[in-house]
Amino acid sequence: MDIHQQHTIQQPESAERSAAARRSTLVSVCVNIVLSTVQILAGIFSASAGLIADGVHSLSDLLADFVVLLANRQSKKAADDDHQYGHLRYENAASLLLGMLLLAVGIGMLYSAVIKIQDPEHIPKVHVIALWVALFGLVAKEGLFRYMLAVAERIRSSMLIANAWHARSDAASSLVVAVGIVGNLMGYTLLDPIAAFVVGIMIGRMGWKFAWDAMSDLMDRAVSPEEYEAIRITLKDTPGVLGLHDMRTRKVGDLIIVDVHLELDGNLTVLQGHHIANEASERVMRAHPVLNVMTHVDPVVNGVLIND
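Residues numbered from 1 in each chain as written. Predicted model: local features only at pLDDT ≥ 70, side-chain atom pairs only at ≥ 80, totals over all residues. Heavy atoms only, no water.

Visitor: Before we move on, can you summarise the overall build of the protein chain with the specific residues and values?
Guide: A count of helical and extended segments in the protein chain gives eight helices and five strands. When the helices and strands of the protein chain are read in sequence order from the N terminus, they spell out β-α-α-α-α-α-α-α-β-β-α-β-β. The buried share of the protein chain, taken over its 308 residues, is 48%. Total accessible area computed for the protein chain in this model is approximately 15,100 Å², and 63% of it derives from carbon and sulfur atoms. (Helix = DSSP H or I, 4+ residues; strand = E, 2+ residues; numbered from the N terminus. Buried < 20%, exposed > 50% of the residue type's maximum accessible area, 1.4 Å probe, protein only. Areas by Shrake-Rupley, 256 points an atom, 1.4 Å probe, with all protein chains shown as cover.)

Visitor: Tell me about the pairing of strand β4 (residues 290-301), residues and numbers included.
Guide: Burial analysis of β4 places 10 of its 12 residues in the buried class, which makes it a mostly covered element. Pairing analysis gives 10 bridges linking strand β3 (residues 255-265) to β4, with the strands arranged parallel. Each bridged residue has a counterpart across the sheet, and for Leu262 the counterpart in β4 is Val297. Of the crossover connections in this fold, the one passing from β3 over helix α8 (residues 270-287) to the parallel β4 is right-handed. With antiparallel pairing between neighbouring strands as the criterion, β4 and strand β5 (residues 304-305) make up a hairpin whose turn holds two residues, including Asn302 at a positive phi of roughly 55°. (Pairing = 2+ DSSP bridges. Right-handed = clockwise from strand over helix to strand, strands pointing away.)

Visitor: Describe the pattern of salt bridges, naming the residues involved and giving the relevant values.
Guide: One pass over the structure, following the stated rule, counts six salt bridges. Among the ionic pairs, Glu229 bridges to Arg232, the shortest N-O distance being 2.9 Å. In this pair, Glu229 and Arg232 both sit in helix α7 (residues 225-236), three residues apart, roughly one turn of the helix. The class of Arg232 is partly exposed, set by a relative accessible area of 28%. (Salt bridge = Lys/Arg side-chain N within 4 Å of Asp/Glu carboxyl O.)

Visitor: Account for the pairing of strand β2 (residues 243-252), with residues named and values stated.
Guide: Looking along a regular strand, one sees the side chains alternate between the two faces of the sheet. Of all 10 residues that make up β2, seven are buried, and the element is covered over most of its length. Bridge count between β2 and β3: eight bridges; the pairing is antiparallel. Directly across from His245, in β3, lies its bridge partner His261.

Visitor: How would you summarise a nonpolar patch on the surface if you had to cite specific residues and measurements?
Guide: A grouping of Val182, Met186, Tyr188, Leu190, Leu191, Ile194 and Val198 is seen on the molecular surface, where their side chains present a nonpolar patch of about 580 Å² in accessible area. Broken down by element, the nonpolar patch gets its largest block of residues, three residues, from helix α6 (residues 191-218). Here Val182 lies in helix α5 (residues 158-185). Taking relative accessible area as the criterion, Val182 reaches 34% and is therefore assigned partly exposed. (Patch = residues over 30% accessible without salt bridge, like charges linked within 9 Å, V, L, I, M, F, W, Y side chains within 5 Å.)

Visitor: Any chance you could break down α7 for me, citing the residues and the numbers?
Guide: Along its 12 residues, α7 runs 16 Å from first to last C-alpha, staying within 8% of the 16 Å computed at 1.5 Å per residue. Contacts made by the buried residues of α7 are with β2, β3, α8 and β4. (Expected span 1.5 Å × (residues − 1). Contact = heavy atoms within 4.5 Å.)

Visitor: Run through the environment of Ala150, naming residues and quoting values.
Guide: Mapped onto the secondary structure, Ala150 falls in helix α4 (residues 129-155). Residue classification places Ala150 among the partly exposed positions, given a relative accessible area of 46%. The spacing of Ala150 and Leu160 is 10 residues in sequence and 9.9 Å in space, taken between C-alpha atoms.

Visitor: Help me get a handle on the packing of α7 against α8, residues and values and all.
Guide: Two numbers describe how α7 lies on α8: the axes approach to 8 Å, and their chain directions differ by 145°. Considering how the two elements wind past one another, α7 and α8 form a crossing that is right-handed. Across the interface between the two elements, Ile231, Thr234 and Leu235 of α7 pack against Ala280, Arg283 and Val284 of α8. Tallied by class, residues from the contact of α7 with α8 come to four nonpolar, one polar and one charged. (Axes fitted to C-alpha atoms, helices over the stretch in contact; angles between N-to-C directions. Left-handed = near helix turned anticlockwise from the far one by under 90°. Nonpolar A, V, L, I, M, F, W, Y, C, P; charged D, E, K, R; others polar.)

Visitor: So what about the nonpolar core? Which residues, and what values?
Guide: Counting residues in each nonpolar core, the largest one holds 22 residues, and the members touching the most others are Leu51, Met109, Ala134, Ile181 and Ile203. Going through the elements one at a time, α2 (49-75), α3 (89-117), α4, α5 and α6 are the ones with two or more residues in this core. Considering each element in turn, this core owes the most residues, six residues, to α3. In this view, Leu51 contacts Gln39, Ala42, Gly43, Ser46, Ala130, Val133, Ala134 and Val177; residues no more than four positions away in its chain are not counted. (Core = buried A, V, L, I, M, F, W, Y, C linked by side-chain atoms within 4.5 Å.)

Visitor: So, the environment of Leu51: which residues are in play, and what are the values?
Guide: Looking at the secondary structure, you find Leu51 in helix α2. Through-space distance from the C-alpha of Leu51 to that of Ser174 is 7.9 Å; in sequence the pair is 123 residues apart.

Visitor: Tell me about the packing of α3 against α6, and name the residues and values.
Guide: At their nearest, the axes of α3 and α6 sit 7 Å apart, and the two run at 155° to each other. Regarding the angle of α3 to α6, the classification is roughly antiparallel. Once α3 is placed against α6, the crossing between them reads as left-handed. The residue inventory of the contact of α3 with α6, partitioned by class, reads 25 nonpolar, seven polar and three charged. (Parallel < 35°, antiparallel > 145°, perpendicular 65-115°, else oblique.)

Visitor: Please provide a residue-by-residue account of the packing of aromatic side chains, values included.
Guide: By the definition in use, this model includes one aromatic pair. Centre to centre, the rings of Trp208 and Trp212 are 6.0 Å apart; their planes meet at 20°, and the pair counts as stacked. Highlighted residues: Trp208 and Trp212, both in helix α6, separated by four residues, approximately one helical turn. Exposure class is identical for Trp208 and Trp212. Each is exposed. (Phe/Tyr/Trp six-rings, centres within 6.5 Å; stacked < 30°, edge-to-face > 60°.)

Everything listed here is a matter of coordinates, which is why it stays silent on function.
This is the structure in structure tokens:
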């Protein structure tokens with residue numbers, strides 16, 4: 001008995017998932033339009049390099065939001081002749097682009113901050129309005145992060161999780177900027193560009209992490225050992241499955257593709273083997289975020305596995 005079977009499902013609740021992603025991203029767009037405008041204008045008025053850097057970061061968030069909206073629209077396209085597993089990897093590509101964007105913004109902030117730190121005599125004292133705007137940005141970004149992360153975790157979207165943590169990075173940067181502004185107001189003018197420098201490091205580090213994770217997924221990274229074992233147990237517990245081997249997994253968007261060799265009684269008919277393999281695949285797709293299961297059946301005769 002030598003049977004190959006392929007079992008595929010569409011992403012569960014794809015319409016609801018896409019709508020939730022779109023709503024949360026549109027909320028982020030509105031928040032970032034307001035924040036970036038207020039932060040940059042207030043930064044120029046108050047002569048705060050840190051606040052201007054924070055405003056530029058909010059602008060990068062705005063661009064990231066448009067990338068997410070585009071990827072969300074493209075990833076929900078149905079499978080076609082050119083993309084027979086669907087278009088879910090648009091999400092991985094969007095996460096990679098977001099990471100590269102964060103990295104570029106971080107490097108730009110570091111360069112600008114270093115230039116100012118090297119010339120401390122020309123660092124002006126900032127206006128107190130910069131502090132209030134920084135605190136406003138901190139509260140707004142932390143609230144946006146919590147809202148977006150809740151939505152992302154509910155619909156299990158790594159792209160939206162990346163975008164949510166992008167918002168958290170802005171909240172953290174606003175906190176650092178506020179501290180730098182307080183120091184500047186107390187007479188330690190160097191603290192404002194130092195705050196901008198710290199923000200640059202935070203953003204660059206997060207960008208590198210997101211870009212690397214997305215690149216790994218695009219190169220067919222396997223699931224975690226814990227998830228691998230959970231899928232293996234689900235297959236093994238299927239009635240009629242005597243064992244399994246050569247199981248492989250890879251990520252496609254936020255879903256998983258599984259290839260596995262199932263060990264069945266060699267005395268079964270082809271039809272019986274087909275039903276067992278089909279049941280094993282259906283169990284996996286019901287219990288785990290799996291898009292596709294490819295099964296290969298190997299017979300076991302008198303306790304000996306025949307897989308030649």
